[in-house]
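Spelled out from the first residue to the last, the chains are:
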Amino acid sequence: MEIKLKSGRKIKINTNISLDDRDSLLDGIKYQVDKDGNVSGFECMNATVTKWLRLGLDGGNSDEELIKWSIEERTDAFLKIQKELTLGEGKASK
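A brief structural summary. (Residues numbered from 1 in each chain as written. Predicted model: local features only at pLDDT ≥ 70, side-chain atom pairs only at ≥ 80, totals over all residues. Heavy atoms only, no water.)

**Quick look at the environment of I81**
Next, step 1: Inspection of the secondary structure puts I81 in helix α4 (residues 71-85).
Next, step 2: A relative accessible area of 0% places I81 in the buried class.
Next, step 3: For the pair I81 and L26, spaced 55 residues apart in sequence, the C-alpha to C-alpha distance is 11 Å.
Next, step 4: Discounting chain neighbours no more than four positions away, the residues touching I81 are I13, W52, L53, G56 and L57. (Helix = DSSP H or I, 4+ residues; strand = E, 2+ residues; numbered from the N terminus. Buried < 20%, exposed > 50% of the residue type's maximum accessible area, 1.4 Å probe, protein only. Contact = heavy atoms within 4.5 Å.)

**Re the packing of helix α1 (residues 19-27) against helix α2 (residues 45-56)**
Next, step 1: Taken N-terminus to C-terminus, the directions of α1 and α2 make an angle of 160°; their axes are 10 Å apart at the nearest point. The angle between α1 and α2 places the two elements in the roughly antiparallel class. The two elements α1 and α2 meet at a crossing, and its hand is left-handed. Side by side, α1 and α2 meet where D21, S24, L25 and L26 of the first sit next to K51, W52 and L55 of the second.
Next, step 2: Taken together, the residues of the contact of α1 with α2 break down into four nonpolar, one polar and two charged. (Axes fitted to C-alpha atoms, helices over the stretch in contact; angles between N-to-C directions. Parallel < 35°, antiparallel > 145°, perpendicular 65-115°, else oblique. Left-handed = near helix turned anticlockwise from the far one by under 90°. Nonpolar A, V, L, I, M, F, W, Y, C, P; charged D, E, K, R; others polar.)

Next comes the structure, spelled out in structure tokens:
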């Protein structure tokens, strides 16, 4: 699946991630929660985003490529990959 980031960069999302890798990605996110229980950020953000990009991109995920990306592009891609991989999580099976 190809998508466009806010910067205009086009990326392909790897939709063939195994369930084990998907679970590993989701388990690796450490949320920061404010006093009201709302998510306010993430811990280990750089390592977490790089792991998501390595597994979540279909190509273009080498050190040489990722080092060229701005933090905004990395974050945008991370959020879009996360959204794609968690589609349907809130829907119960029948």
